[in-house]
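What the coordinates show
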Amino acid sequence: MTPESLTSGAVARGPDHVSRRLPDGTAEPVTTSAGRPRIAALDVLRGFALCGILLANVQPIAHVGDVAVISDSPGSTADVWLGLLVEQRFFPIFSLLFGIGFSLLLDSARKRVARPRLVLLRRLVVLLVVGLAHFLLLWHGDILSTYAVVGLVVLMPSTWLPRWAVAGLAAVLVTTALVIGGDRTVLVVGLFLLGSALVRYGVIDRMEHSTRVPAVLGLALVAGAVPVMSRQSTSSAHDPGFAVALAGAGLLLAGAYICGMLLALRTPLRPVLYAVFAPLGRMALTNYLTATVLVLAVARFFGDPPVTWSSTRVVLIAAVILSVQWVWSTLWLRRYGQGPLEWLWRWAAWARRPSPRRTS
């Protein structure tokens, strides 16, 4: 997509919401509610990651209070494939996107307020409160509180560092996480910083303008992921090398997924991908939290232990929940500029009440 194509066919919706028409007639926003140019690929990637995270979390959530489901049985072929293609594959994408979103918001805040870091501070504090409530009231596997703490302790201070230092720390932390056995918290910190560095080096602004880079990088990541996934599939969960293989394969495949989606967005599939994933991605916070409530309701309906659920049932549960959320998100965004929880989150961050409706 060329810079000119971002404005061709644009439909004016006021200063906060401008959109362009895709070939199928749906609207693809060109600016965010904060007024900066909207990068549609980020909405698509966020929605895509949300789908994978729910698929991986259906059973853990249903085990109220448990963070993970552990079984010594080898499982069915479907279980094996879910483990290879889903488990630990999507939270790296979400973590990277969080770091990207943090730096993009900081850039927007610098243009609008005198104390931009205060906006980020309030945003992270509110996320911490929401995450703790989610953790204490619904599910002990909540990731929002971890993201908020890492944001406060690492991302905020990193805004005073030069971009080369942020990129270097990201590389060191991601490598360290893999070397010490796939430590999830260290990996999240590294991916947060990597996302921030990508923004500061201008990579995110150019991410929708290249085909060759994601193609070459994606092939390299797949080539690296195949042997690591093979190692994962032949190792026992009690094998000391299993955690490293799981984290390494997850990181490589997550990168390959991102490259694959960026390539697909450069094809005629773009309108379809945007229509399917962007509504979920634009309401990621609302959908992440409501998914927990819906999974818990489904678990009560079935009654049997979640550990006995087949992979087919897990996939169907995730598909039904995501379908409900997609309908809800699509209808909501036709009238409002952002999801209900996103709107409240923005209100708290900017300390002023935003208009909930799309301006015309």
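I will try to describe carefully the structure that is included in this document. (Residues numbered from 1 in each chain as written. Predicted model: local features only at pLDDT ≥ 70, side-chain atom pairs only at ≥ 80, totals over all residues. Heavy atoms only, no water.)

Quick notes on empty space enclosed by the protein
Which entries qualify depends on this criterion: A 1.4 Å probe that fits into a set of points on a 1 Å grid over the protein atoms alone but cannot get out defines a cavity; an open set with protein on both sides within 12 Å along at least five of seven lines defines a pocket, and lining residues are those with an atom within 4 Å of a point. Grid points are joined across faces, edges and corners, and a volume is the space filled by probe spheres set on the points. Under the DSSP-based scheme used, a helix requires at least four consecutive residues in state H or I and a strand at least two consecutive residues in state E, with every element numbered from the N terminus.
For the structure shown, the criterion picks out four cavities of 30 Å³ or more. Considered as a void within the structure, the second largest cavity measures approximately 90 Å³ in volume. Lining the second largest cavity, in full, are L50, I53, L54, N57, I61, W139, N287, Y288, A291, T292, L322 and Q325. For the lining of the second largest cavity, the secondary structure elements donating two or more residues are α1 (40-62), α12 (284-302) and α13 (311-335). In terms of residues, the lining of the second largest cavity owes the most to one element, α1, which gives five residues.

Considerations on α12
Our working definition: The span expected for a helix works out to 1.5 Å for each residue beyond the first. In this scheme, a residue with accessible area under 20% of its type's maximum is buried, one over 50% is exposed, and one in between is partly exposed, where area comes from a 1.4 Å probe on protein chains only.
For α12, with 19 residues, the first-to-last C-alpha span of 27 Å sits near the 27 Å given by 1.5 Å per residue. Burial in α12 covers these residues: A284, L285, T286, N287, Y288, L289, A291, T292, V295, L296 and A299. Looking one or two places after α12, you find G303, whose phi comes out positive at around 85 degrees.

Looking at the pattern of salt bridges
Stated precisely, the cut-off is as follows: Within this document, salt bridges are pairs made up of a side-chain nitrogen of Lys or Arg and a carboxyl oxygen of Asp or Glu, the two lying within 4 Å of each other.
Tallying each qualifying case throughout the model produces four salt bridges. The salt bridge involving D107 is made with R110; its shortest N-O contact spans 3.6 Å. Of this pair, D107 and R110 both sit in helix α3 (residues 91-112), three residues apart, roughly one helical turn. A salt bridge links R313 to D304, with the shortest nitrogen-to-oxygen separation between them at 3.0 Å.

Some thoughts on the packing of aromatic side chains
Each aromatic ring pair is summarised here by two numbers: the centre-to-centre distance and the angle between the ring planes. Here is the rule we go by: Aromatic rings from Phe, Tyr and Trp, taking only the six-membered ring of Trp, are treated as a pair when their centres fall within 6.5 Å; an angle between ring planes under 30 degrees marks them as stacked, one over 60 as edge-to-face, and anything in between as tilted. Remark: a charge is flagged as sitting over a ring if the NZ atom of Lys or the CZ atom of Arg is within 6 Å of the ring centre and within 35 degrees of the ring normal.
With the rule as written, the count across this model stands at twelve aromatic pairs. Ring geometry for F48 versus F90: centroids 5.3 Å apart, planes at 65 degrees, classification edge-to-face. Of this pair, F48 sits in helix α1 while F90 is found in the loop between α2 (77-85) and α3, placing the two residues 42 residues apart along the sequence. We classify F90 as buried; its relative accessible area is 8%. Through successive ring pairs, a cluster of aromatic residues spans F48, F90, Y257 and F277. Between the NZ or CZ atom of R117 and the centre of the ring of W160, over which it lies, the distance is 4.1 Å. When the ring centre of F91 is taken as origin, the NZ or CZ atom of R184, which lies over that ring, is 4.1 Å away.

Section: the packing of α12 against helix α14 (residues 340-350)
Which entries qualify depends on this criterion: Axis definition: a line fitted to C-alpha atoms, limited for helices to the stretch in contact. Angles are taken between N-to-C directions and run from 0 to 180 degrees. Roughly parallel means an angle under 35 degrees; roughly antiparallel means over 145; roughly perpendicular covers 65 to 115; every other angle is labelled oblique. Working rule for handedness: look at the near helix, and if it is turned counterclockwise from the far one by less than a right angle, call the crossing left-handed; if clockwise, right-handed. By definition, residues are in contact when any of their heavy atoms lie within 4.5 Å. When residues are sorted by character, Ala, Val, Leu, Ile, Met, Phe, Trp, Tyr, Cys and Pro go into the nonpolar class, Asp, Glu, Lys and Arg into the charged class, and all the rest, Gly among them, into the polar class.
For the pair α12 and α14, the least separation of the axes is 6 Å and the interaxial angle reads 120 degrees. Classed by the angle they form, the pair α12 and α14 counts as oblique. Crossing of α12 over α14 shows right-handed handedness. Between α12 and α14, the residues in contact are A284, L285, T286 and L289 and P340, L341, E342 and W345, respectively. Here the residues of the contact of α12 with α14 sort into six nonpolar, one polar and one charged.

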